[in-house]
Amino acid sequence: MVASLWKCVFSKDDSEWLADVVRSIPLTLDYWLYQKHLYPTDLRQSALKCLYLNRTSFSGILHESAGPIGGKAQKNWAVGCRFNREKLSSRILELSRLSDRVISVSEHSWVEVCNEWSNKGKGVFFYLDPPFYHKAERLYRFVFNDDDHSKLRNHLAVLERPWILSYDNASEIRDLYGSYGLNARIIDNTYSAHPLGGNSFIGRELIYSNLPVLPPPARKKAKHVGLSVRKLEKGNPILENLIRIRIHHPQIPFQPDYERRAAIGKNG
Ligand SMILES: C[S@@+](CC[C@H](N)C(=O)[O-])C[C@H]1O[C@@H](n2cnc3c(N)ncnc32)[C@H](O)[C@@H]1O
């Protein structure tokens, strides 16, 4: 469903159709139930189902178990309260106009996609956002088991292309990647689709990368895209800081920040 949405958005005719439909689609519990149980038979239907359920289900979750915003009672929230027709419609068209920048949308497994693109010469950059380690089965239809998480780690360990990886803040993932000496950072994750509104705080995520230096945190006023990288507040507990700092890169002499601070403390 997710791939269908992006295929639809980046095709001129299909995006115009989708932008049109969202302007008048019913925002009712009955229609939510219809979409929830619909078996899409073509790309457009599948794209619409993805977008509709993402905007009208609790926390934007597409998984079978996710209910409608406002629940069956529709007491405090209406199912359509996050479905801004005009905004969605104009965003679809806006994105569609950028379609010449999108080379392809595919729904293949990460192994195939990574292998295909690793061989395409320079200029390839990988951003990987695998299923969370915890609670994944409540969020996605396809999840990773421990073996899958390890396979991805092993793949990245030898990948000779720049990459960034994001994960939930799980100790199992820290253990898996901790010994690799990669750059790492914790980011605060604010999820814009949360039914409680724009910047509701959800949790923390881990970012790992083989880049020598990670991109700086987004500026406060940067346009919100669902994930905010925030600067660490001064004076936060040291333990949280450890994973945010640049840890090690083969080409860069390594001295963990906490050791450096301890040394500064001792010497002065
Ligand atoms: C953390 S979510 C990614 C969310 C996405 N970056 C976004 O912003 O909407 C992880 C996704 O990986 C998908 N997934 C599961 N197994 C996969 C596999 N073998 N290859 C590629 N994707 C997979 C899941 O279905 C889920 O949609």
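Computed from a prediction, not measured in an experiment: that's the story for all the values here.

Student: What is the right way to read the nonpolar core from this model?
Tutor: Nonpolar side chains tend toward joint burial in soluble globular proteins. Among the nonpolar cores identified, the biggest contains 13 residues, and Leu5, Leu18, Ala47 and Leu51 are the most heavily contacted of them. Those elements that place two or more of their residues in this core are α1 (2-9), α2 (12-22) and α4 (43-56). The element that contributes the greatest number of residues to this core is α4, accounting for six residues. Look past the residues within four positions of Ala47 in its chain and what remains in contact with it is Ser4, Leu5, Cys8 and Leu18. Core analysis: the second largest hydrophobic core is formed by 12 residues, Phe132, Leu165, Leu206 and Ile207 among them.

Student: Would you take a moment to explain the confidence of the model for the protein chain for this structure?
Tutor: Where the model shows low pLDDT, its predicted coordinates should not be examined in detail. Looking at the protein chain, pLDDT values average 78 and 71% of them are 70 or higher. Here residues 191-201 is a poorly scored stretch, pLDDT under 50, and it has 24 contacts once near neighbours within four places are set aside; other chains count. This stretch, residues 221-268, has a pLDDT under 50; its non-local contacts, to residues over four places away or in other chains, come to 47 contacts.

Student: Would you explain unusual backbone geometry in this entry?
Tutor: Residues other than glycine predominantly adopt negative phi, and peptide bonds predominantly adopt the trans conformation. Even without being a glycine, Ser59 presents a positive backbone phi close to 55 degrees. Under the C-beta neighbour-count criterion, Ser59 is labelled partly exposed, with 17 such atoms within 10 Å. Of note in the backbone geometry, Lys135 takes a positive phi value of approximately 60 degrees without being a glycine. The topology assignment puts Lys135 in the loop between β1 (126-128) and α7 (136-139).

Student: Looking at this model, I keep getting lost on the packing of helix α3 (residues 29-37) against α4. Mind explaining?
Tutor: Pairs of packed helices are described in terms of their axes, by the angle between the two and the distance that separates them. Where α3 meets α4, the closest approach of the two axes is 10 Å, and the angle between their N-to-C directions is 130 degrees. Classified by the interaxial angle, the pair formed by α3 and α4 is oblique. Like other packed secondary-structure pairs, α3 and α4 cross with a definite hand, here left-handed. For the pair α3 and α4, contact is made by Trp32, Gln35 and Lys36 and by Lys49, Tyr52, Leu53 and Thr56, respectively. Broken down by class, the residue content of the contact of α3 with α4 amounts to three nonpolar, two polar and two charged.

Student: Got a minute to help me understand the packing of α2 against α4 in this structure?
Tutor: As a packed pair, α2 and α4 sit with axes 11 Å apart at the nearest point and diverge in direction by 45 degrees. In this view, α2 runs oblique relative to α4, as classed from their interaxial angle. Between α2 and α4 lies a crossing whose hand is right-handed. On the side of α2, the interface is formed by Asp14, Trp17, Leu18 and Val21, while α4 contributes Leu43, Arg44, Ala47 and Leu48. Taken together, the residues of the contact of α2 with α4 sort by class into six nonpolar, no polar and two charged.

What counts and what doesn't
Residues numbered from 1 in each chain as written. Predicted model: local features only at pLDDT ≥ 70, side-chain atom pairs only at ≥ 80, totals over all residues. Core = buried A, V, L, I, M, F, W, Y, C linked by C-beta atoms within 7 Å. Buried ≥ 20, exposed ≤ 12 C-beta atoms within 10 Å, placed from the backbone. Helix = DSSP H or I, 4+ residues; strand = E, 2+ residues; numbered from the N terminus. Contact = placed C-beta atoms within 7 Å. pLDDT = per-residue confidence, 0-100. Axes fitted to C-alpha atoms, helices over the stretch in contact; angles between N-to-C directions. Parallel < 35°, antiparallel > 145°, perpendicular 65-115°, else oblique. Left-handed = near helix turned anticlockwise from the far one by under 90°. Nonpolar A, V, L, I, M, F, W, Y, C, P; charged D, E, K, R; others polar.

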